[in-house]
Each structure stands twice: as structure tokens, then as C-alpha cells.
Amino acid sequence: MVEKTFCMLKPDAVANGHIGEIINRFERVGLAVERLEMSIVSPEQAAANYAEHQGKPFYDGLISYITSGPVVKMIITGTDAVRICRKLMGATDPLEATPGTIRGDFGLTMDANVIHGSDSLQSAAREIAIFFQE
Ligand code: IDP
Ligand code: MG
């Protein structure tokens with residue numbers, strides 16, 4: 001099924017100059033970038049995006065990290081876009097992420113793990129609304 005998903009290159013990916021290389025990975029499998037914007041995530045957007053993690057030990061650090069510098073927000077479209085994006089991203093912890101995945105190739109720690117991607121169609125719709133007011 002043709003789907004839309006939300007992906008965000010996190011502040012470390014932007015600061016380290018990996019925007020182009022990461023976007024290329026989505027394009028080369030045949031997914032399309034439908035919308036793209038660089039911005040700073042507001043505290044309200046961060047809290048809404050990570051609502052499921054509120055109260056966890058890493059939550060405060062996660063919110064300060066995701067709001068710490070520019071990110072690149074994207075709507076990615078294509079067949080099975082949600083699951084294909086998650087596959088290209090790799091495991092949450094770069095220590096577990098396979099080489100060849102985005103987190104495996106560009107990340108070292110769970111605190112700065114390069115990229116966010118919606119984990120379901122429902123999350124994608126919710127996150128697109130948070131970040132693109134669609
Ligand atoms: P996901 O990004 O692969 O969907 P989630 O479990 O939804 O992973 O966690 C959201 C984000 O919170 C992760 O990408 C990571 O940046 C951060 N995070 C998750 N678990 C930990 C942890 O145990 N320590 C530090 N940061 C964490
Ligand atoms: Mg998640």
C-alpha cells in the first residue's frame with residue numbers, strides 16, 4: 001500500500017553534515033520526499049511527539065536533545081513507506097543497529113541516534129499533524 005510516513009533527521013545528523021547521505025538512502029530505494037523543512041523543534045512539538053515516553057528516565061534528556069539544534073523534517077511517501085523507513089533506520093540503539101542501516105552507520109549512542117521515524121501508519125498521521133499542521 002502506498003503510505004506516507006514522518007521522518008526527522010535529528011540534531012546530531014544535521015550538525016555532522018549527514019543530511020544528503022541520509023536522504024539519499026530513502027530516494028535510492030524508490031521512496032519519495034514529498035515535503036521537507038529544516039527547523040528547530042519547539043518544546044510543545046517535542047512533548048507531543050514523545051508523549052508515550054513521558055516519565056521515563058531518559059525523557060528530559062530526549063526533549064532537551066531534540067530541541068537543541070536544527071532538524072530536518074520530512075514526509076516520505078511510497079509503497080510500505082512506514083516499514084521501509086524503519087528498516088532503513090535500523091535498531092533504536094546504534095550499538096544494536098546493523099551496519100548498513102542509518103543508525104548503524106551514522107550513530108554511536110541511543111542519546112543521539114541520528115533519525116526519528118514513525119512506527120505505524122497511525123503514528124505517522126499524528127506526527128505529520130504535529131510537525132506540518134496538515
Ligand atoms: P524509536 O526512535 O526507535 O522509535 P523509541 O523507543 O520510540 O525508539 O524511543 C524514542 C527515542 O528516545 C529514541 O530514538 C532515543 O533517541 C530515545 N531513547 C529511547 N530509549 C532510550 C534509552 O534507554 N536511553 C536514552 N535514550 C533513549
Ligand atoms: Mg518510537
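Residues numbered from 1 in each chain as written. Chains lettered and ligands numbered in written order. Predicted model: local features only at pLDDT ≥ 70, side-chain atom pairs only at ≥ 80, totals over all residues. Heavy atoms only, no water.

K.L.:
Describe the site of ligand 1, naming the residues involved and giving the relevant values.
P.N.:
Around ligand 1, the neighbouring residues are K10, Y50, H53, F58, L62, R86, T92, R103, M110, D111 and N113. Take K10: an N or O atom from its side chain is 3.0 Å from an oxygen atom of ligand 1. Between M110 and ligand 1, the recorded distance is 3.2 Å, taken from a backbone N or O atom to an oxygen atom. Protein chains bury 79% of the 530 Å² of accessible surface belonging to ligand 1 in isolation. Per-class residue counts for the shell around ligand 1 are four nonpolar, three polar and four charged. (Near = heavy atom within 4 Å. Polar contact = N/O pair within 3.5 Å; in protein donor to acceptor, adjacent residues only side chain to side chain. Areas by Shrake-Rupley, 256 points an atom, 1.4 Å probe, with all protein chains shown as cover. Nonpolar A, V, L, I, M, F, W, Y, C, P; charged D, E, K, R; others polar.)

K.L.:
Account for the sheet that holds strand 4 (residues 115-117), naming residues and giving values.
P.N.:
Taken together, four strands build an open sheet; the order of strands is 2-3-1-4 and the sheet is antiparallel. Sheet topology places strand 2 (32-39) and strand 4 at the edges, where each strand pairs with a single neighbour. Within the sheet, the average angular offset between the axes of one strand and its neighbour, ignoring direction, is 20°. The sheet contact formed by strand 1 (residues 2-9) and strand 3 (residues 71-79) spans eight bridges and is antiparallel. Counted as the bridge partner of L9 is V72 from strand 3. Strands strand 1, strand 2, strand 3 and strand 4 of the sheet are contacted by helix 7 (residues 121-132), whose axis makes an angle of about 55° with strand 1. (Pairing = 2+ DSSP bridges. Helix = DSSP H or I, 4+ residues; strand = E, 2+ residues; numbered from the N terminus. Axes fitted to C-alpha atoms, helices over the stretch in contact; angles between N-to-C directions. Contact = heavy atoms within 4.5 Å.)

K.L.:
Residues and numbers for the packing of aromatic side chains, please.
P.N.:
Here the structure, examined in full by the defined rule, presents two aromatic pairs. Arranged with centres 4.7 Å apart and planes meeting at 5°, the rings of F6 and F131 form a pair that is stacked. One end of the pair, F6, is in strand 1; the other, F131, is in helix 7, with 125 residues separating them in the sequence. By the burial criterion, F6 is buried, and F131 matches it. (Phe/Tyr/Trp six-rings, centres within 6.5 Å; stacked < 30°, edge-to-face > 60°. Buried < 20%, exposed > 50% of the residue type's maximum accessible area, 1.4 Å probe, protein only.)

K.L.:
Quick rundown of the pairing of strand 3? Include the residues and the values.
P.N.:
Along strand 3, eight of the nine residues are buried, which leaves the element largely enclosed by surrounding structure. Two elements, strand 2 and strand 3, share seven bridges in a ladder whose sense is antiparallel. Paired with M38 across the two strands is V72, which belongs to strand 3.

By themselves these figures say nothing about function.
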